[in-house]
Each structure stands twice: as structure tokens, then as C-alpha cells.
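# Structure at a glance
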Amino acid sequence: QVQLVESGGGLVQPGGSLKLSCAASGSIFSLYDMGWYRQAPGNQRELVAAVTSGGMTTYADSVKGRFTISRDNAKNTMYLQMNSLKLEDTAVYYCNANRRPVLDRRYDYWGQGTQVTVSS
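In this report, the structure presented in the accompanying data block is examined.

Conventions we followed
- Residues numbered from 1 in each chain as written.
- Predicted model: local features only at pLDDT ≥ 70, side-chain atom pairs only at ≥ 80, totals over all residues.
- Heavy atoms only, no water.
- Core = buried A, V, L, I, M, F, W, Y, C linked by side-chain atoms within 4.5 Å.
- Buried < 20%, exposed > 50% of the residue type's maximum accessible area, 1.4 Å probe, protein only.
- Helix = DSSP H or I, 4+ residues; strand = E, 2+ residues; numbered from the N terminus.
- Contact = heavy atoms within 4.5 Å.
- Polar contact = N/O pair within 3.5 Å; in protein donor to acceptor, adjacent residues only side chain to side chain.

## Points about the nonpolar core
Residues Leu-4, Met-34, Trp-36, Leu-80, Met-82 and Tyr-93 are the most contacted members of the largest nonpolar core, which totals 30 residues. For this core, the elements supplying multiple residues, two or more each, are β3 (18–25), β4 (33–39), β5 (46–51), β7 (67–72), β8 (77–82), β9 (91–102) and β11 (114–118). Among all residues touching Met-82, those that are not within four sequence positions of it are Gly-16, Ser-17, Leu-18, Leu-20, Arg-66, Phe-67, Tyr-93 and Val-116.

Below you can see the structure in the form of C-alpha cells.
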């Protein structure tokens, strides 16, 4: 099992910045691909950014140039630096850890979520 705990959410004005953290425990953190997802009321959960166990990153088009995902394996922690925040960034942000140890099996673990509200 992997336990994930998000922190760093809160209320911020448009154009502001926020840094989210996801602390992992209970397994070998470095073996997992990690990602940040978000879900706004009435919307599907969407991938915001991901970082693989090897350090490769991907971003949703909506956040490219504004958000930066990173991981510190020594601290078992993943981060999401969010700059130039927009109203549409408002959502609950979830930390995800996943791996495919064999071809027919995928494991997914989720944090409890942290609320990010962008409002003037």
C-alpha cells in the first residue's frame, strides 16, 4: 500500500501562486509514477501533471507554462508549483501514485485531496 497526503491548498487571488505537496509513505516511492489530478464540482477528474519514476514530466495543455511538477525521492514527496493561477484552476487537487508491475495489472493510489480556490 501507498499512503498519500496532500497539503498546501488554500485560497489565492487570480495571478497568485501556490505550492502543493504530496507526502508518500508505506511503499517504495521511487518505483511509482506520480501525478496531480484535479476535480471541480460537476466535472470529471482530470490529469494536471505527471512525473514518472524516471523523472519525465507531462502537463495538461491548460497548465503548461504555469505549473511545474517535481519529485524528491529522498523525501518521498511530490510537488506542484502553481503560478499565474486562474479562476478555472479552482478544484480539489489529488495526488496519485501508480505502477504496472505486470502487463495485466495496474495499481492506483490516491490522496484525500486538497482544495485550491482561486477567487478575487
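## Considering the environment of Asp-33
Take Asp-33: it is sitting in strand β4. C-alpha of Asp-33 to C-alpha of Arg-100: the two residues are 67 residues apart in sequence and 9.3 Å apart in space. Not counting residues up to four positions away in its chain, the partners in contact with Asp-33 are Val-51, Thr-52, Ser-53, Arg-71, Asn-96, Ala-97 and Asn-98. Here Ser-53 takes part through its backbone nitrogen, which lies 2.8 Å from a polar atom of the side chain of Asp-33.

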